[in-house]
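Now for the letters of each chain:
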Amino acid sequence: KREAESAAAANAGNANVAADEWQHKQKLAQIAKQKKMQELLLIQQSMTSEKVEEMKHQARLRHQMAVAYKTGDEETRKKLQRRLEPEELVKR
């Protein structure tokens, strides 16, 4: 009888540990989610309309470069690739 009581108590203790672990994991996930949202908000606030337009322009150039590559137009592809290179690499 005592063994059954101690087994029941152990199971109840394991349930509490599992619940505590689950709560801890949920809390960590919530903290990570909040941190990610704050970072995203910071990025959105720092982006001006000029930056957004520049990013869209670069995306269009990358698309044009991909089309030139697929059609075999090496001259256009190289020209677009040079335009898309970071400025630090171009200065070298």
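All of the points below concern the structure found in this document. Everything numeric here is computed off the predicted structure, so don't read it as measured data.

This brings us to the overall build of the protein chain. A count of helices and strands for the protein chain gives four helices and zero strands. Counting from the amino terminus, helix and strand elements in the protein chain follow one another as α-α-α-α. The burial tally for the protein chain puts 4% of its 92 residues in the buried class. Carbon together with sulfur atoms contributes 55% to the accessible area of the protein chain, which is approximately 8700 Å² in total.

A cluster of basic residues, Lys78, Lys79, Arg82 and Arg83, forms a positive patch at the surface. Summarising the element assignment, Arg82 is placed in helix H3 (residues 74-84). Here Arg82 falls in the exposed class, since its relative accessible area comes to 52%.

Reading the values: the criteria
Residues numbered from 1 in each chain as written. Predicted model: local features only at pLDDT ≥ 70, side-chain atom pairs only at ≥ 80, totals over all residues. Heavy atoms only, no water. Helix = DSSP H or I, 4+ residues; strand = E, 2+ residues; numbered from the N terminus. Buried < 20%, exposed > 50% of the residue type's maximum accessible area, 1.4 Å probe, protein only. Areas by Shrake-Rupley, 256 points an atom, 1.4 Å probe, with all protein chains shown as cover. Patch = residues over 30% accessible without salt bridge, like charges linked within 9 Å, V, L, I, M, F, W, Y side chains within 5 Å. Salt bridge = Lys/Arg side-chain N within 4 Å of Asp/Glu carboxyl O. Lys, Arg positive; Asp, Glu negative; His and termini not counted. Charge placed at Lys NZ, Arg CZ, Asp CG, Glu CD.

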